[in-house]
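Coordinate inspection notes
For reference, the chains in residue letters:
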Amino acid sequence: MKEKTKTEKNILVAFILNIAFSIFELVGGFFTNSVAILSDAVHDFGDALSIGISYFLEKKSKQKPDSRYTYGYIRYSILGAFITTTILITGSVIVIIGAVQRIINPVEINYDGMIIFAIVGVVVNFIAAYFTREGDSINQRSVNLHMLEDVLGWVVVLIGSILMKFTDISLIDSIMSIAVSTYILFHSMRNLKAIVDLFLEKTPKGISIKEIKNHLSEIGEILDVHHIHVWSLDGYNNYATLHIKTGTNDLAKLKSTIRKELKEHGINHVTIEIEGKDDECNDENCKVHYEGKTHSHHHHH
């Protein structure tokens, strides 16, 4: 048995806790007739599922690059986040529909049962959040975020159930449920956008191609910089490829200068194509205008 990374062990613990807990909640929701608890059950089940998926994909994402995945398996981690997010969005929508129906046709709710379940909920989730607070992948962060959300969700349910016990306004239950679900929905949508950006190879956040181009152009030996592509595998590992036109013969020095400059921009993996000053870059895409400077060029057909 190889030594597991801390992240993986945490994820496994969280998975087992969450599965057990969401079953417990499902029972609790039916027993107390509370849609807020049911919405938490859906939420927790979504979490458990996502954690299970993250667990396997997180393991896979640690694999080293090979001839089949030359960039390594890092994106599997993002795939996990994508599946999870989709599940959470679906779950939230279903719960919101249920809660709205409740508002139209109210039902009896067992408030005392709710209070007991909510206390257990706060305690269990607090422990789980404590266990998953460390880790470094985007997956781990989202797992921990779910845990903290669960704690908050249960605190809300606890306050709500105490309020209902004294006021007998069962509407509070549905409102809490909708609030929790809307919150999950909002976060999931934001997550989804970040994931889609990665898959679409969007230039990573905080990186300005224009700025990179300007900084590189200031290096004396560089006559021209073009064809800059920057992308990210997982939101942390940024890659760049670029073409440099130069007259210098000391390429090693030039390359190391370029790599240093790009490291400052948060790019650690750089592929540089060097062109002599008389080389003509034939690639059509070379003519992409990064900052609206028009390069005069003629197409030869």
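Computed from a prediction, not measured in an experiment: that's the story for all the values here.

All told, the structure shown has five salt bridges when counted by the stated rule. Two residues, Arg102 and Asp173, come together in a salt bridge whose shortest N-O distance is 3.8 Å. One end of the pair, Arg102, is in helix α3 (residues 75-104); the other, Asp173, is in helix α6 (residues 171-199), with 71 residues separating them in the sequence. Across this residue pair, the class does not change: Arg102 and Asp173 are buried.

Turning next to the pairing of strand β3 (residues 269-275). Pairing of strand β2 (residues 238-246) with β3, which is carried by seven bridges, proceeds in the parallel orientation. Residue pairing across strands places His243 opposite Glu273, the latter belonging to β3. Between β2 and its parallel partner β3, the chain crosses via helix α8 (residues 251-264), and the hand of that crossover is right-handed.

What follows covers the packing of aromatic side chains. Applying the stated rule across the entire model yields ten aromatic pairs. Between Tyr71 and Trp231, the aromatic rings sit 6.1 Å apart at their centres with planes inclined by 85°, giving edge-to-face as the arrangement. With a gap of 160 residues between them, Tyr71 in the loop between α2 (35-61) and α3 and Trp231 in strand β1 (residues 222-232) connect regions that are remote in the sequence. Of the residues examined, Tyr71 reaches a relative accessible area of 41% and is grouped as partly exposed. Under the relative-accessibility criterion, Trp231 is labelled buried at 13%. Seen in terms of ring centroids, Trp231 and Tyr239 are 5.7 Å apart; in terms of plane orientation they differ by 25°. Their pairing is stacked. Among the aromatic residues, those joined into a ring-pair cluster are Phe21, Phe24, Phe31, Phe117 and Trp154.

Here we come to the pairing of β1. A large share of β1 lies buried, amounting to eight of its eleven residues. Here β1 runs beside β2; their pairing, made up of eight bridges, is antiparallel. Bridging from a neighbouring strand, Val230 pairs with Ala240 of β2. Here β1 folds back onto β2 in antiparallel fashion, the turn holding five residues, of which Gly235 has a positive phi close to 95°.

Another aspect to go through is unusual backbone geometry. Positive phi, close to 60°, is recorded for Asp168, a residue that is not glycine. For Asp168, the location among the structural elements is in the loop between α5 (138-167) and α6. Classification of Asp168 as exposed rests on a relative accessible area of 55%. Residue Glu201 is not a glycine yet carries a positive backbone phi of 60°. Structurally, Glu201 is set in the loop between α6 and α7 (209-217). By relative accessible area, which is 39% here, Glu201 ends up partly exposed.

Take the sheet that holds β2 next. Strands pair in a sheet through their backbones, by hydrogen bonds, and they do so in one of two ways: parallel or antiparallel. Read from one edge to the other, the open sheet built from three strands follows the order β1-β2-β3, with strand pairing classed as mixed. Sheet topology places β1 and β3 at the edges, where each strand pairs with a single neighbour. When strand polarity is set aside, the average angle formed by the axes of neighbouring strands in this sheet is 15°. Packed onto the sheet, α8 meets β1, β2 and β3 and runs at close to 140° relative to β3.

Okay, helix α4 (residues 111-131) next. Spanning 21 residues, α4 covers 30 Å between terminal C-alpha atoms, matching the ideal 30 Å at 1.5 Å per step. Regarding α4, the residues found buried are Tyr111, Gly113, Met114, Ile115, Phe117, Ala118, Gly121, Asn125, Ala128 and Ala129. The opening residue of α4 is Asn110, an N-cap whose side-chain oxygen sits 3.3 Å from the backbone nitrogen of Asp112.

Attention now moves to a nonpolar patch on the surface. A cluster of nonpolar side chains, namely Val13, Leu17, Ile119, Val123, Ile127 and Phe131, defines an oily patch on the protein surface of about 480 Å² accessible area. Looking at the nonpolar patch, the elements that each hand over two or more residues are α1 (6-32) and α4. It is α4 that provides the largest number of residues to the nonpolar patch, a total of four residues. Along the chain, the position of Ile127 falls in helix α4. In this structure Ile127 comes out as partly exposed when scored by relative accessible area, which is 41%.

So, about the nonpolar core. Counting 18 residues, the largest nonpolar core has Leu242 and Ile258 as its most contacted members. When residues of this core are traced back to their parent elements, those giving at least two are α7, β1, β2, α8 and β3. The residues contacting Ile258, other than those within four sequence positions of it, are Leu216, Ile222, Leu242, Ile244 and Ile272. The next biggest cluster of nonpolar side chains, apart from the first, holds 13 residues, and it includes Ile109, Met114, Trp154 and Met164.

About the criteria used
- Residues numbered from 1 in each chain as written.
- Predicted model: local features only at pLDDT ≥ 70, side-chain atom pairs only at ≥ 80, totals over all residues.
- Heavy atoms only, no water.
- Salt bridge = Lys/Arg side-chain N within 4 Å of Asp/Glu carboxyl O.
- Helix = DSSP H or I, 4+ residues; strand = E, 2+ residues; numbered from the N terminus.
- Buried < 20%, exposed > 50% of the residue type's maximum accessible area, 1.4 Å probe, protein only.
- Pairing = 2+ DSSP bridges.
- Right-handed = clockwise from strand over helix to strand, strands pointing away.
- Phe/Tyr/Trp six-rings, centres within 6.5 Å; stacked < 30°, edge-to-face > 60°.
- Axes fitted to C-alpha atoms, helices over the stretch in contact; angles between N-to-C directions.
- Contact = heavy atoms within 4.5 Å.
- Expected span 1.5 Å × (residues − 1).
- Polar contact = N/O pair within 3.5 Å; in protein donor to acceptor, adjacent residues only side chain to side chain.
- Patch = residues over 30% accessible without salt bridge, like charges linked within 9 Å, V, L, I, M, F, W, Y side chains within 5 Å.
- Areas by Shrake-Rupley, 256 points an atom, 1.4 Å probe, with all protein chains shown as cover.
- Core = buried A, V, L, I, M, F, W, Y, C linked by side-chain atoms within 4.5 Å.

Everything listed here is a matter of coordinates, which is why it stays silent on function.
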